[in-house]
Amino acid sequence: MTCIIVDDEPLARDEMQALIQEVSQLEIIGKFSNAVTALDFLKTQEVDLIFLDIEMPMVTGLEFA
Amino acid sequence: MQGSKDTTMTEDTQKLRNSHVINLLIEDRHRFSRHAIFLLGLLSILSVSDFSNSFIGVYRYYCILTTYLTFVVMVYINIYVLVPYFFFKSKYMLYLTLLVMLVVAGLQAIGYILNVYFLEYRVANTPRQIQGVYEGTVISISVILVTTTVRLLQRWMKDNERIAELNNLTLRMELNELKNQINPHFLFNMLNNVKALIRTDPEKASVVIVKLSEFLRFQLYENNEDKTLLTSEINFLSNFVNLEKIRRDNLSVSLESSTDKRVLNSVFVPPNLFTTFVENAIKHSVDVTDEDTYINIRIEIKERRLHFTCTNSVSKVYQVVDKKNSGLGLVNIKRRLELLYKDKYTLDIVDDDREYTVNLTIPV
């Protein structure tokens, strides 16, 4: 299963990555610091799972969804 | 208790304030009415007074007019010259002396004019004269006393209101400062960061914890003092921005001073003066397009003045919206600067669409 991480804080992304890597079934194919770059990526590629931070500048996680 | 005494004074002042008579006496917008009442009142008193009856016909009116004008001149000299320049400047003996001289001069002038110019028109003489002088003195003293008292009352009420407002402001600010001592949100963020760092970069986690504890120590202890070493304040700001830097991708921070370290070490400033500006810089330098963001802080001491400059990059696309605190931080720090330095500080803000710069100078 593929997933991406979207969070504006680099530490949160790293933390998420470390936690996910303990679960071997999930493959992280991208890390994004804002909704814009994440959406651009999603136009080119599909993923099974998105880890989304709700509180981000400009586009909140909810709007993104 | 000091607090309750001040509150009772405020309440009493409030009750007084609500009286229409007092409002008439104090407020600027009633100034015209006050002067009108005085001028017409004085004229009426003089008209019905006895002393002018020693003259006949039209000269009776001349007599009243002369006396009236002299009184008016005396009173206005008292209100606009003697009271503000002598009484309010605490030169009481000088005030009293000048006042007596003024009254004597006034009465002499009246007597002189009446006797010299209008002598021919006098009907009755000596017994009336002495009584006239007596009447004149009594009237002038009462008139002067009343007008001086009105002036004093105005001053007193205005002072009371100012004191009450200052007390209120001080209390509110103290409360705010206490509330600001530990920002729970900031602490929450920092602890989360440390948790993440322990796993990925334990060395850095250690450093963050140390910086955080220094930061908190400053907030808790040195915040309560009136003054703190400039070097401590600079360290605090440095810790602050570096701690926040962890939460961001591309933020670069510089905190510089070309002033000699010994000078920086010998200067004292009120604590937390710059925190609001740095907080704002951190908040507003957020960018959503992965562009490089920066905050540049510079502190210099030149000719007994401290120059604080804080520049942060501004995102062209993203306008920061802060619902909770919009603008409040800036208003509060301006008020605090006013209270601390009156007009001896300068605050300059330059806001273009690429960067935002704050220039603050204070005397040290």
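Please read these numbers as outputs of a predicted model, since none were measured by experiment.

Glancing now at the interface of chain B and chain A. Taken residue by residue, the interface counts 16 residues in chain B and 15 residues in chain A. Summing both partners gives a buried area of about 1400 Å² for chain B against chain A, and 54% of it is carried by carbon and sulfur. Counting the surface chain B buries against chain A, the share from its top three residues, Arg199, Asp249 and Val288 of chain B, is 39%. Where arginine 199 of chain B meets glutamate 22 of chain A, a salt bridge forms, and the shortest distance between an N and an O atom there is 3.3 Å.

Residue and element names in this part refer to chain B. Here the UniProt-annotated "transmembrane region" (unreviewed entry) positions come out as residues 37–62, 68–87, 94–114 and 134–153. The span residues 68–87 shows a helical share of 100% and a strand share of 0%, and its end C-alpha atoms are spaced 25 Å apart. Segment residues 134–153 splits into 100% helix and 0% strand. End C-alpha atoms: 28 Å apart.

All names here are of chain B. Counting 44 residues, the largest nonpolar core has Leu230, Leu306, Phe308 and Ile362 as the members making the most contacts within it. Mapped by element, the contributors of at least two residues to this core are helix H7 (184–200), helix H8 (202–220), helix H9 (230–245), helix H11 (275–284), strand S4 (293–302), strand S5 (305–313), helix H12 (328–341) and strand S7 (355–363). Take this core: its biggest share by element is seven residues, from H9. Looking at which domains feed residues into this core, each of domain 2 (182–224) and domain 3 (228–363) supplies at least three. Look past the residues within four positions of phenylalanine 308 in its chain and what remains in contact with it is Leu237, Phe274, Phe277, Val278, Ile297, Arg298, Ile299, Val358, Asn359 and Leu360.

Comment: phi is negative for the bulk of residues other than glycine, and the bulk of peptide bonds are trans. Residues and elements named next belong to chain B. The phi angle at serine 90 is positive, at roughly 65 degrees, despite the residue not being glycine. Relative to the assigned elements, serine 90 resides in the loop between helix H4 (58–87) and helix H5 (92–117). The residue asparagine 272 is not glycine, and still its phi comes out positive at about 65 degrees. With respect to the helices, strands and loops of the structure, asparagine 272 is situated in the loop between strand S3 (268–269) and H11. The class of asparagine 272 is buried, set by a relative accessible area of 16%.

All names here are of chain B. If you walk through the whole model with that rule in mind, you get 14 aromatic pairs over all chains. Consider the rings of phenylalanine 87 and phenylalanine 88, whose centres lie 6.2 Å apart with planes at 70 degrees: the pair is edge-to-face. Seen from their ring centres, phenylalanine 186 and phenylalanine 215 are 4.7 Å apart, and the 35 degrees between their planes marks the pair as tilted. Linking phenylalanine 186 in helix H7 with phenylalanine 215 in helix H8, this pair joins segments that are 29 residues apart in sequence.

The rules we used
Residues numbered from 1 in each chain as written. Chains lettered and ligands numbered in written order. Predicted model: local features only at pLDDT ≥ 70, side-chain atom pairs only at ≥ 80, totals over all residues. Heavy atoms only, no water. Contact = heavy atoms within 4.5 Å. Buried area = accessible area lost by both parts, 1.4 Å probe. Salt bridge = Lys/Arg side-chain N within 4 Å of Asp/Glu carboxyl O. UniProt positions renumbered as here; feature names shortened; annotations may be inferred. Helix = DSSP H or I, 4+ residues; strand = E, 2+ residues; numbered from the N terminus. Core = buried A, V, L, I, M, F, W, Y, C linked by side-chain atoms within 4.5 Å. Buried < 20%, exposed > 50% of the residue type's maximum accessible area, 1.4 Å probe, protein only. Domains from an automatic or database assignment. Phe/Tyr/Trp six-rings, centres within 6.5 Å; stacked < 30°, edge-to-face > 60°.

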